[in-house]
Amino acid sequence: MAGDRSEQALVARWRGMLALHARTQCELDRALHQHSLCGSDFEVLDILAGSPDAEGPCGYRVQQISERVHLSQSALSRLVARLEKDGLVERSLCAEDRRGVRVALTTEGLARHGEALPVQRAVLNRMLAR
């Protein structure tokens, strides 16, 4: 039946995407290890490096970061805490909403992002530019 074949093709595409994501994530983790980062660490640093205030103290609210990374709120909070402990980011209270927390790159975080950026982009190019 045509419906069964199209459904099977759809599922095969889905599983292919999942497999490509898993292979790419593993390769990113391996490649970024030389910079003491994993793929998720780099994603957060990359988002912060792209913020309008990347070189200033403002950065992004945690909620804004969570909308752009594929991590649960608790996993993101643990990741940010680890990056802060490593001196790559700093957290501060939001001036406009004292309940919110802003995360910004430190000078070390900006430098580490700059060192790891070509490595991450090379992996993406190798894995995805086919």
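About the cut-offs
Residues numbered from 1 in each chain as written. Predicted model: local features only at pLDDT ≥ 70, side-chain atom pairs only at ≥ 80, totals over all residues. Heavy atoms only, no water. Helix = DSSP H or I, 4+ residues; strand = E, 2+ residues; numbered from the N terminus. Buried < 20%, exposed > 50% of the residue type's maximum accessible area, 1.4 Å probe, protein only. Contact = heavy atoms within 4.5 Å. Areas by Shrake-Rupley, 256 points an atom, 1.4 Å probe, with all protein chains shown as cover. Pairing = 2+ DSSP bridges. Expected span 1.5 Å × (residues − 1). Bend = angle between axes of the 7 residues up to and from the residue.

## Some remarks on the overall build of the protein chain
Reasoning step 1: Secondary structure assignment for the protein chain yields five helices and three strands.
Reasoning step 2: Mapped from its N terminus to its C terminus, the protein chain presents α and β elements in the order α-α-β-α-α-β-β-α.
Reasoning step 3: Residue burial in the protein chain is summarised as follows: out of 130 residues, 33% are buried.
Reasoning step 4: The long-range fraction of contacts in the protein chain, counting pairs at least 24 apart against all pairs at least 6 apart in sequence, stands at 55%.
Reasoning step 5: For the protein chain, the exposed area adds up to about 8300 Å²; of that, 54% sits on carbon and sulfur atoms.

## Thoughts on the pairing of strand E3 (residues 101-105)
Reasoning step 1: With respect to burial, E3 is a largely interior element, four of its five residues being buried.
Reasoning step 2: Of the strand pairs in this sheet, strand E1 (residues 60-61) and E3 are connected by two bridges, and their pairing is antiparallel. Of the residues in E3, the one forming a bridge with Tyr-60 is Val-103.
Reasoning step 3: When strand E2 (residues 89-93) meets E3, the two strands line up antiparallel, connected through five bridges. Bridging from a neighbouring strand, Glu-90 pairs with Ala-104 of E3.

## Side note on the side chain of Gln-120
Reasoning step 1: Counting through the fold element by element, Gln-120 comes out in helix H5 (residues 107-128).
Reasoning step 2: On the basis of relative accessibility, which here comes to 3%, the residue Gln-120 falls in the buried class.
Reasoning step 3: Among residues more than four places away in sequence, those in contact with Gln-120 are Leu-28, Leu-32, Phe-42 and Glu-43.

## As for H5
Reasoning step 1: If you check H5, its first and last C-alpha atoms are 31 Å apart, about what 22 residues at 1.5 Å a residue would give, namely 32 Å.
Reasoning step 2: Where H5 bends most, the angle comes to about 40°, and this point is Ala-116, followed within four residues by the proline Pro-118.

In short, shape yes, function no, at least from these values alone.
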